[in-house]
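Chain and residue survey
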Amino acid sequence: MLRYFTSGESHGEALVAFLSGMPAGLKIDQDFLNHELWRRQQGYGRGGRMKIERDAARILSGVRHGIAIGSPIAVLLENKDWKNWQESLPVEEGDPAKHKRVASPRPGHADLAGALKYNFTDARYVLERASARESAARVAIGGLAKLFVREFGIEVLSHVVSVGNASIGNVEVPWERISPLREREEILLNCVDADAEVRMKEEVDLALKTGDSVGGVFEVLAHNVPPGLGTYAQWDERLDAQLAAAVMSLQAVKAVEIGSGITAAVSLGSAVHDEIGYSESAGFAGFTRGRNNAGGIEGGVSNGEDLRVRGYLKPISTLRRPLQSVDFATREPVKAAYERSDVCVVPAAGVAAESMVALTLARCALEKFGGDSIGETLRNFNGYLEQLRQY
Ligand code: EPS
């Protein structure tokens, strides 16, 4: 069983991620992991922190001589900013005069809910863990999951659908237009449509000028996913339910859509469901679809079409022109705390969501095909592919 979790504070010494259950023999490409981490740091509208960090995955365990050895993998990501926080956020008690209290909670952030829950009169400890900095750790192990699902021919990538009011429109972007995005050496807003990208940049500029922040929508595609991952047999084993939870768990995501789920709710059945055809050499078992409103999942099971998962991101809650709040100590009205922040993180959230989709697919694939070594897993996978061809 594939299990994973992360630890680390945004301004602590490091982030750590654990991934347990990866079959032995999987080749680990560290340059690929670091490129994934680089991609998460990009995008127009990111804040000052990204100028400080240069995220790199340091593998501590579970990989030897370039391959996974079947034991738990631990990855460490150093926070370069730690050198500026050693006195204000030490592990030891330190000098309380140097601690950086966050005296007034930011509306929209975890600050108030977290302070109430953990009984803090300061949001510092809350934001340190609730911050989207944590998603870097997920991208490191998500990279490992991507390397694993690649063994099955599955590729996972994202693009930006909208930023604020600027959108590519209601179109189904095919994989062939999305895959070239990964070669880009400069990532503006990770959009397939150059005109829309210019409009998206204007949305960010406007928010930047007014001390505001702006959200948007990203879409993750998983290409070449075989039919049969996930199941309707039990509620929590449905692939759409697992993907929704995985993507919703990312910081600032407030809604998740599979395929054309949102427009489907206001359309007639005949306009929504993807008609079935047959052409012997097509896909995994010869069945074809004229369109993919289902987003590659029917009944909680992958159907052989590309998976399409959208995440709807609220605007970042740290505002340069802060909203109204209350001082934790005095209960007097004050402006919410501000240190520094991003203005727009939609492309970065898309990269983090790719990781969550890859981890989810890796788990489902391991459940279906099993195996303690990559050879055993692929033998089982190839047997299943043959079963589909013979169907
Ligand atoms: C982030 C690092 C953080 C923020 C951002 C994401 O760095 P800092 O707080 O030092 O500026 O830039 O966190 C948030 C969006 C948030 O709301 O906390 C990162 O590595 O992505």
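Anything mentioned here points back to the structure above.
Attention here is on the structure that accompanies the text. (Residues numbered from 1 in each chain as written. Predicted model: local features only at pLDDT ≥ 70, side-chain atom pairs only at ≥ 80, totals over all residues. Heavy atoms only, no water.)

Quick look at the pairing of strand S9 (residues 216-223)
Test applied: When a residue's accessible area, from a 1.4 Å probe over protein chains only, is under 20% of the maximum for its type it is buried; when over 50% it is exposed; and in between it is partly exposed. Helix numbers and strand numbers start at the N terminus; a helix is a DSSP run of H or I with at least 4 residues, a strand a run of E with at least 2. Strand pairing follows a simple DSSP-based rule, namely that at least 2 bridges must link the two strands.
Burial analysis of S9 places seven of its eight residues in the buried class, which makes it a mostly covered element. Sheet analysis places strand S7 (residues 155-163) next to S9, joined by eight bridges and oriented antiparallel. When the sheet's bridge partners are listed, Val-160 is paired in S9 with Phe-218. Bridge analysis of S9 against strand S15 (residues 307-313) gives seven bridges, and the strand direction is antiparallel. By the bridge assignment for S15, Val-220 is matched with Val-309.

Structural notes on the packing of aromatic side chains
For the record, the criterion: Two aromatic rings, drawn from Phe, Tyr or Trp (for Trp, its six-membered ring), form a pair once their centres lie within 6.5 Å of each other, and the interplanar angle then sorts them: stacked below 30 degrees, edge-to-face above 60, tilted otherwise.
Under the criterion given, the structure shown has 10 aromatic pairs. Between Phe-148 and Phe-152 the ring centres are 5.1 Å apart and the planes differ by 80°, which places this aromatic pair in the edge-to-face class. Considered together, Phe-148 and Phe-152 belong to a single accessibility category, that of buried residues. Consider the rings of Phe-287 and Tyr-391, whose centres lie 6.0 Å apart with planes at 65°: the pair is edge-to-face.

Examining unusual backbone geometry
A positive phi angle, near 65°, is found at Asn-119, a position not held by glycine. With respect to the helices and strands, the residue Asn-119 is situated in the loop between helix H3 (111-118) and helix H4 (124-130). The exposure class of Asn-119 is exposed, given its relative accessible area of 69%. Positive phi, close to 80°, is recorded for Ala-252, a residue that is not glycine.

As for the pattern of salt bridges
Just so we agree on the cut-off: Throughout this description, the term salt bridge denotes a Lys or Arg side-chain nitrogen within 4 Å of a carboxyl oxygen of Asp or Glu.
Considering all chains together, one arrives at 28 salt bridges under this definition. Where Arg-40 meets Asp-55, a salt bridge forms, and the shortest distance between an N and an O atom there is 3.7 Å. Remark: Asp-55 occurs in the loop between helix H2 (49-52) and strand S3 (58-61) and Arg-40 occurs in helix H1 (residues 30-41); sequence separation between them is 15 residues. Both residues of the pair, Arg-40 and Asp-55, count as buried. Counted as one network, the salt bridges with shared partners bring together Arg-40, Arg-49, Glu-53, Asp-55, Asp-81, Arg-133 and Arg-340.

Some points on the sheet that holds strand S10 (residues 253-258)
Strands sit in the order S8-S7-S9-S15-S10 across an open sheet of five strands; the sheet is antiparallel. A strand with exactly one partner marks an edge of an open sheet, and here the two such strands are strand S8 (166-167) and S10.

Brief notes about helix H12 (residues 374-390)
Going by this rule: A helix is expected to span 1.5 Å for every residue after the first. Here, the arc refers to the directions that run from the helix axis to the C-beta atoms. Throughout, a residue-residue contact means that at least one pair of heavy atoms, one from each residue, lies within 4.5 Å.
The end-to-end C-alpha distance of H12 is 24 Å, a good match for the 24 Å that 17 residues give at a rise of 1.5 Å each. Within H12, the full set of buried residues consists of Ile-374, Thr-377, Leu-378, Phe-381, Tyr-384, Leu-385 and Leu-388. Along the long axis of H12, the arc covered by the buried residues comes to 120°, so they all point the same way. Turned more than 90 degrees away from the buried face of H12, the exposed residues are Arg-379, Gln-387 and Gln-390. Where H12 is buried, its residues meet helix H5 (135-150) and helix H11 (346-369).

Description of the site of the ligand
Put simply, the rule reads: We call a residue near a molecule or strand whenever a single non-hydrogen atom of that residue lies within 4 Å of it. For the accessible areas, the method is Shrake-Rupley and the probe is 1.4 Å, while residue cover comes only from the protein chains on display. Residues were grouped as follows: Ala, Val, Leu, Ile, Met, Phe, Trp, Tyr, Cys and Pro as nonpolar; Asp, Glu, Lys and Arg as charged; and all remaining residues, including Gly, as polar.
Residues in close proximity to the ligand include His-11, Arg-40, Arg-46, Arg-49, Met-50, His-109, Ser-131, Ala-132, Arg-133, Ile-316, Arg-340 and Asp-342, which together make up its full environment. Protein contact buries 92% of the 470 Å² of open area that the ligand shows by itself. Residue classes in the shell around the ligand are distributed as three nonpolar, three polar and six charged.

Section: H5
Along its 16 residues, H5 runs 22 Å from first to last C-alpha, staying within 8% of the 22 Å computed at 1.5 Å per residue. Where burial is concerned, most of H5 is hidden: 15 out of the 16 residues are buried.

Let's talk about the environment of Ala-123
Here Ala-123 is to be found in the loop between H3 and H4. Between the alpha carbons of Ala-123 and Ala-337 there is a distance of 9.5 Å; along the sequence they are 214 residues apart. Look past the residues within four positions of Ala-123 in its chain and what remains in contact with it is Val-102, Asp-111 and Phe-328.

Overview of the sheet that holds strand S6 (residues 73-78)
In plain terms, the rule: Only C-alpha atoms enter the line fits that serve as axes; for helices the fit covers just the stretch in contact. Angles between N-to-C directions range over 0 to 180 degrees.
Within the open sheet, the four strands sit side by side as S1-S2-S6-S3. Their pairing is antiparallel. For this open sheet the edge positions go to strand S1 (3-7) and S3, each flanked by a neighbour on one side alone. With direction set aside, neighbouring strand axes in the sheet form an average angle of 20°. Pairing analysis gives five bridges linking S1 to strand S2 (residues 14-20), with the strands arranged antiparallel.

Observations regarding a nonpolar patch on the surface
Put simply, the test is: A residue counts toward a patch only above 30% relative accessible area and without a salt bridge, and it is joined to like-charged neighbours within 9 Å or, for Val, Leu, Ile, Met, Phe, Trp and Tyr, to nonpolar neighbours within 5 Å.
A cluster of nonpolar side chains, Ile-276, Tyr-278, Phe-287 and Tyr-391, forms an exposed patch at the surface whose accessible area comes to about 550 Å². Structurally, the position occupied by Ile-276 is in strand S11 (residues 276-278). Using a relative accessible area of 60% as the deciding quantity, one classes Ile-276 as exposed.

The analysis is restricted to geometry; functional conclusions fall outside its scope.
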